[in-house]
Every structure is written in structure tokens, then in C-alpha cells.
Amino acid sequence: MDPERKKVLERVAVSTFPDEVLERVLVQLKSHKDRSSVSLVCHSWYDAERFSRTHVFIANCYSVTPEIVSRRFPNIRSVSLKGKPRFSDFNLVPPKWGADIRSWLVMFAAKYPFLEELRLKRMTVTDESLEFLALSCPNFKGLSLLSCDGFSTDGLAAIATHCKNLTELDIQENDLNDKSGSWLSCFPENFSSLEVLNFANLSNDVNFEALERLVSRCKSLKVLKVNRNITLEQLPRLLIHAPLLTELGTGSFLQEHPACQYSELENAFNKCMNLNTLSGLSEVTALSLPALYPTCANLTFLNLSCAALQSGELAKLLVHCPCLRRLWVLDTVEDKGLEAVGSNCPLLEELRVFPTDPFDEDTFHGVTESGFIAVSYGCRRLSYVLYFCRQMTNAAVETIVQNCPDFTHFRLCIMNPWQPDYQTNEPMDKAFCAVVKTCTRLQRLAVSGLLTDLTFEYIGKYAKNLETLSVAFAGSSDWGMQCVLGGCPKLRKLEIRDCPFGNAALLSGLDKYESMRSLWMSGCKVTMNGCRLLAKEMPRLNVEVIKVDGSNESQADKVYVYRSVAGPRRDAPPFVLTL
Amino acid sequence: MESKVAYENDLNLKATELRLGLPGTDYSEEQALFSARNNKRPLPDTNEKCGSKGCTDAPHAGNETAPSTKTQIVGWPPIRSYRKNNLQPKKTEPEAAGIYVKVSMDGAPYLRKIDLRIYKGYPELLQALENMFKFTIGEYSEREGYKGSEYVPTYEDKDGDWMLVGDVPWDMFMSSCKRLRIMKGSEARGLGCGI
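Not measured: the values here are computed from a predicted model. Along each chain, residues carry numbers from 1 onward, in the same order as the chain's sequence is written. In the order they appear in the text, chains get letters beginning with A and ligands get numbers beginning with 1. Where local features are concerned, this predicted model is filtered to residues with pLDDT of at least 70; where side-chain atom pairs are given and counted, the filter is 80 or more; whole-chain, interface and lining totals use all residues. Water and hydrogen atoms were dropped before computing side-chain values, which therefore reflect all heavy atoms in the structure.

Novice: Explain the overall build of chain A here, please?
Specialist: We count a stretch as a helix when DSSP gives it H or I for four or more residues in a row; a strand needs E for two or more, and each element gets its number in order from the N terminus. Helix and strand counts for chain A stand at 20 helices and 23 strands. For chain A, the spread of C-alpha atoms along the three principal axes comes to 75 × 65 × 65 Å. Throughout, exposure labels follow a simple rule: accessible area from a 1.4 Å probe, protein chains only, divided by the maximum for the residue type, with under 20% read as buried, over 50% as exposed, and the rest as partly exposed. Residue burial in chain A is summarised as follows: out of 579 residues, 58% are buried. Taking as baseline every contact in chain A between residues at least 6 positions apart, the subset at least 24 positions apart corresponds to 69%. For chain A, the accessible area works out to roughly 23100 Å², and carbon and sulfur atoms hold 53% of it. Every residue pair with non-hydrogen atoms within 4.5 Å of one another is taken to be in contact. The Shrake-Rupley method, run with a 1.4 Å probe, gives the accessible areas here. Residue values count only the displayed protein chains as cover.

See below:
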């Protein structure tokens, strides 16, 4: 048979699958990237996909309207939404910028009354919205709020009161008004469905007895992360009721009365043999740490970023954690502590080192390039690193990526801006050149230190898989940014602050921005005219300028450019100019 | 450029001023320090931007000298606020947050309390006591104790004994001193005569 005819017949055969069968097959697809691909095959696949989709992930809440989403996907049970640009985490976005969940909730109430899950990141959520959600969606099961703002513990109380089938309440790192801990007591006495409870970042006391009763009723509890007000004496009373725990975030780990409750603590931890994730441990000391040892055997993720451990204490702990894949620490562990990481954690894939005194430039504490090098020799599988330090050398980074060529996420923050290689006094170009040349799988990169355009030439040329690039205080001229925009075929997010990139650089990306999720430029040399030109040339992009008080009329202080099918924002505050 | 004087009359706002770019002529020694370890290339077009804006997070990047080492840049280092709040000054010296001891002086109506940790040695301690109670201590000698004054500084040690201040090394004193008493008059003379 003619090969062309055969192909056509095959195509027809596939698309004459009954839709129901196709949908049953497609239901198995979870990845939204796969689903996107599927929806592009043909009309009937597009339809089958959209009816079978139950979870939608919207990476930029302004890229689409609630109406468009509900029209396309009628059967959604779970929504993930991200709002503000990432630099809002560092106070670069003024308050009341937007990303309010309200209009989405109105749509959910009307079109998705069976909504079960809502995961929000960097959105503004009010108490009224939370109550509205709880009342509108009787089947609501899971709420996760990360880096959101606008609500108080009253909103949490509404959720606890009205969501009879709640399985997940995950309140992480939000800028909320923590009025009191009484929200926890709002869970009804017969409520027992909770599987995930995370209130680690809340600061008010909850009623401990209410918490104890809650934990003992919720027999399926798998994740429990309490705040630092829960004491070490109280912890065992929670642990004995939660033998199925896989993730635990402790409160304070400070032992007030050494001898008596140590054994209770040990017993409690001995029962927790399913733990794979441990966090919290604030105020931990060398005395209380050993209680953890028995439970560490199966730990894959240890988050010590709230625990100011010294190097010796960390070393002793890590001996008991051979299976560790992810480790977050404070730089109090210093290079010696990191050497212990290298020696004890051969399976480590992710390391994050946070600074204890980020604003104290005179401090001599913290980690240096040696610690990082030591880890790279011992942990060859390292693929994700976030490293805050005060000194670095090109040679060190070259060694590190030679040891660990599989980096997918390389985020290096040399905390003093424009700092050169402290040994050679050269720019740090060679370091990042080595990173992009060696780590061919690199998806995310954050650069720092003194950098010229050369770094960006290399990034544009070699970083074929790079999706996210964060740049601060770097580069010499427009050419740098032009290189990135001209290369990096998979670039999706570009966020830049305080770099000498201007209109020429901005406009060189005309052809690229529609294939990207967003561009952020603040403190650069872009002007209003440049932005207007961009907006005029690319009508399907939203070009927004955030005006800062007292700035020059023609300056575009903060520019946020993103693709959208929703058109310009209708809820923009006065300081956001849509061009 | 604002004059240094104006700032000094203020609440030292200059120290907390958020700036980026040319710091001006005020922090000359910090500039020198920074440029010594900072070989940035000067960038074109930087000067007209910085002006009087106060440069919260305005450009610029890259001048001959970086911002003064004392100023903070908005949103830098990139750490989320909840993490900053978590970084309560932990008890990095757990048991020794401060060694507070009571100080009594014969004839004084009430006692005082001092933190021994803030003094580097006996001279500072004695000076501080002199200032606190407005008296002078004599000169110390190992053989004769304190000569030339009615007052003698003593302390109660762990064993409950009253000792002359100054006999033992400072560190030993710090760890054994439970309270201080400045003796006066005949009692003092008894101790001061070196037993």
C-alpha cells in the first residue's frame, strides 16, 4: 500500500476510537506538559483531554481568565495557581499589587462546586475569600498556601470550621496576620480526616490539648509540622498518636529538663520508623539531638534551616542519616560541617545552605568555597544546590562542577554584590562558564559575584536546557542580556535586578517573550519609551511598569512582561501601568 | 549631596539608608576598603541616574566603588522574610548568655547588678565599679591587696568564701564569682592587709 495512504488510514483509525476510551486512557496522564502535548494533536484529542483533565496548573494567574479556564476544563477538581513575580518574596513588589484569588473563587463556586484542592503560591487571599471557599465547596479537601498574603488566622478558622472533609491544611511561609492560635480549636470534635497539617510558620500558641486530640483522632495523619511553640516535652504526646507519620516538623527542640523526658522522647521517636522527612528542630542543642538518631535511618529529607547547628553536632547527626537525599542547613555548620556532609551522605542530591547573618557583612562565620568543594567530592549525585556564601573562587566552582556534572539547579549567592574571585580578583565569569558548559542538564541558574558580559555570552551559547535564570548586579552592557535572549532556547523565566541592561536589551527579546512565561527587570536602564515600543510591537504580551515613588518620569523602574490570553489586567492598582 | 552634619543630627538615618550606587563622599574609608577588594569595571552612564533619588533599588550597579558596606540593599541577599524572622539570635553561647552578679557597697541603700562578660579584665571591672558607686579603689598589689583607699572590692566564690578581687586569673574569677561586695572601713582593712 502507498505509504502516504497507510499513514492516513492509521490516523483515521486512531481518531475513531470512541471518545470514552480515549478519555479513559488520557485520565492516566498526570503531567500537564504531556497533557498540553496531547491537546495539540487534533480536535478530538483536544476535547478528550479537556474533559478528562481534573487538575489544572496555572503558572501565572494573569495569563488567563477564570472564564477561559472553566470553559475549556469543565471537570476540574484541583487547581494550582501562582500569582506575583518571584521577586515579590524579597519585597521588590509593592503591596496591593494584585493576584487576588477572589475572582477565581467566584468562578470555582459557580463552575467547580466539587473542587477538592487548591494550591496557591504568591497570591493574595483574604479571610472572606477563605470563608467563601469553605462554604462554596462542600467537598473541599486540600488547601496549600505558600508565600501568600492578605489573610489572618481567622481565615484558617473558617476553613477548620466548615471543611468537613479536609485532608490537607498546609500553611507555609505566608505573610499572614497571626492573631491567635485559636483557629486550631475550630476543628469539630468529630473531625478526623486530616492527613497533612503544617502550621510550622505560625507564631501564636495553639491549644495543645486540642492539638493532641486532633492528632489522636486523625488516624491517617502522615504529615505533621508544628510551630516552635510546641515544646520538646509536648512532642512525644503527639508522636504516640501518629505512628504513620512520614513527615515531621518539630517545634522547639530545647530540653528544659534534661533527664526526665529524654527517655520519653527516645521512645516516641523509636516508634516513628516511617519518617522520611524531618524539619523544625529550632533551638536544638547537642543534648537533645541524640534522641533523633534512631529515627534517622530512613530519612531522605532533613531540613535543619531553622536549627543553628554547629559543625560537630551536624557531623554526629549525619552519621545516622545514610539515606539522605535532600539536606537544608544554616551556615552555622561552617565548612567543617559540610565536610561531614561530603563524608556521610553519598546519596545526596540536594543541598541548601542558608545564611544566619545575611546582613552582617563583617561576619567571618558561615561557609566558604571549601565547604562546597568538600560536598562535591563526597556527593557526586548532587543536582540541586542553593548556596549562600561570602567568598568564592572560579577555581572552586570549576572543581565543583567537574565533580558534579549533573546539576539541574545551580543557585549560587555570593552575598556581597559585585564581589570578584577573592583570590585572583578576577570576575566570576569563569565559574559560571564552567557551570553552563559542564552541566548540560542545567534548568535553573542564579548567578552572583562580579560578572561581565562574558558570563552571559556563555549562558546564551551553552545553556541549552536552561528554563529559569536569575541575575542580580551583573553584566556590563546590553550585549549580555542580548546573548541570553538570543540563545537559551528553553528559557521560560528571566528575572533581572540592578543590571546595566537597557532598551536595546529589552527589545532584542521581541521574538522570544511569547515563548517565555515572564520577564522581570528592576533597577535596570530600561525606559518608558522602550517599554511602550515593546508593548506596541507585541500586543499579546502584557507589558507592565511598576512606578516607584519619586523616580524619574521616563524611567521604567520595574518592568514585568508576560504572555497572556487574558488581555491587560483589569484590576491593576494605580502604580502599575499597563502599556 | 547632603552634608554629613545633617545626617549626624538625625537618627543616624544614613546608617540604615537604602542605597545602591555611588555612595557619595561620606563613606570614604569604606569606599577605599571596598574598592580594594573589588575590581569592578566602571560602567557608562551611571552618574545621572543616581542623583538625589535615594536609590532604594534604583540602579546602579557598577561604579568604581560599591555601596558602603554598612548600607542594606532592598531585597538582598534574596532571603524570604519568614526566614529572616526565624533567625532569632540563637543562643550561640548557650549557657553563657551573660554572667550577672549582684554588687553591694557598704553603706549604699541598694544593690546593683553587672554582667561580668562585658569586661575584658580587672581594670575595666574596677573602673566600672568606681563609676557606678562614685568612689575610688586603691592600687592592687599581690602582697598587700588594695592600698590607698577605704574601699576594697571583694567577691563571694563558689565555696561561699569572701575573696579579694584580683588574686586569681580573670577567667577563673568570672566562673567562680557569685557576687561582689565593696567593703569599706575597718572590715576592709582587715582583708586588705593580706592574710
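So much for the structure itself; the text now carries on.
Novice: Is there a simple way to think about the sheet that holds strand β1 (residues 100–105) of chain B in this case?
Specialist: Strand pairing in a sheet is mediated by backbone hydrogen bonds. Such pairs are either parallel or antiparallel. Residue and element names in this part refer to chain B. Between any two strands, pairing holds if DSSP finds at least two bridges. Ordered by their spatial adjacency, five strands build an open sheet running β2-β1-β7-β5-β6, and the pairing between neighbours is mixed. Where the open sheet ends on each side, the last strands, each with one partner, are β2 (112–115) and β6 (162–164). The mean angle between the axes of side-by-side strands here comes to 35°, regardless of whether they run parallel or antiparallel. Bridging between strand β5 (residues 151–156) and β6 involves three bridges; their strand directions are antiparallel. Counted as the bridge partner of Tyr155 is Met163 from β6. Note on definitions: angles span 0 to 180 degrees between N-to-C directions of axes, and those axes are lines fitted to C-alpha atoms, for helices only across the stretch in contact. Packing against the sheet, helix α6 (residues 122–133) makes contact with β1, β2, β5 and β7 (179–184), and its axis sits at approximately 155° to β2.

Novice: I would appreciate a short explanation of unusual backbone geometry in the present structure.
Specialist: Outside of glycine, negative phi angles account for most residues, and trans bonds account for most peptide bonds. The omega torsion across Trp76 of chain B and Pro77 of chain B is -5°, close enough to zero to call that bond cis. As for its placement among the helices and strands, Pro77 of chain B is situated in the loop between α4 (47–50) and α5 (81–86). Although it is not a glycine, Leu281 of chain A adopts a positive phi angle of roughly 55°. By the secondary structure assignment, Leu281 of chain A is in the loop between β11 (277–279) and β12 (301–303). At Asp498 of chain A, a position not held by glycine, the phi torsion is positive, near 55°.

Novice: I would appreciate a short explanation of the side chain of Ser305 of chain A in the present structure.
Specialist: By secondary structure assignment, the location of Ser305 of chain A is in the loop between β12 and α12 (311–318). Judged by its relative accessible area of 2%, Ser305 of chain A falls in the buried class. Definition of a polar contact: a pair of N or O atoms within 3.5 Å, with one able to donate and the other able to accept a hydrogen when the atoms are protein atoms, and with sequence-neighbouring residues admitted only if both atoms are side-chain atoms. Of the polar contacts made by the side chain of Ser305 of chain A, one reaches the side chain of Asn303 of chain A; its length is 2.6 Å. Only 3.0 Å separates the side chain of Ser305 of chain A from the side chain of Arg83 of chain B, close enough to count as a polar contact. Those residues in contact with Ser305 of chain A that lie beyond four places of it in its chain are Trp328, Val329, Leu330 and Phe354 of chain A together with Arg83 of chain B.

That is the geometry; function is a separate question.
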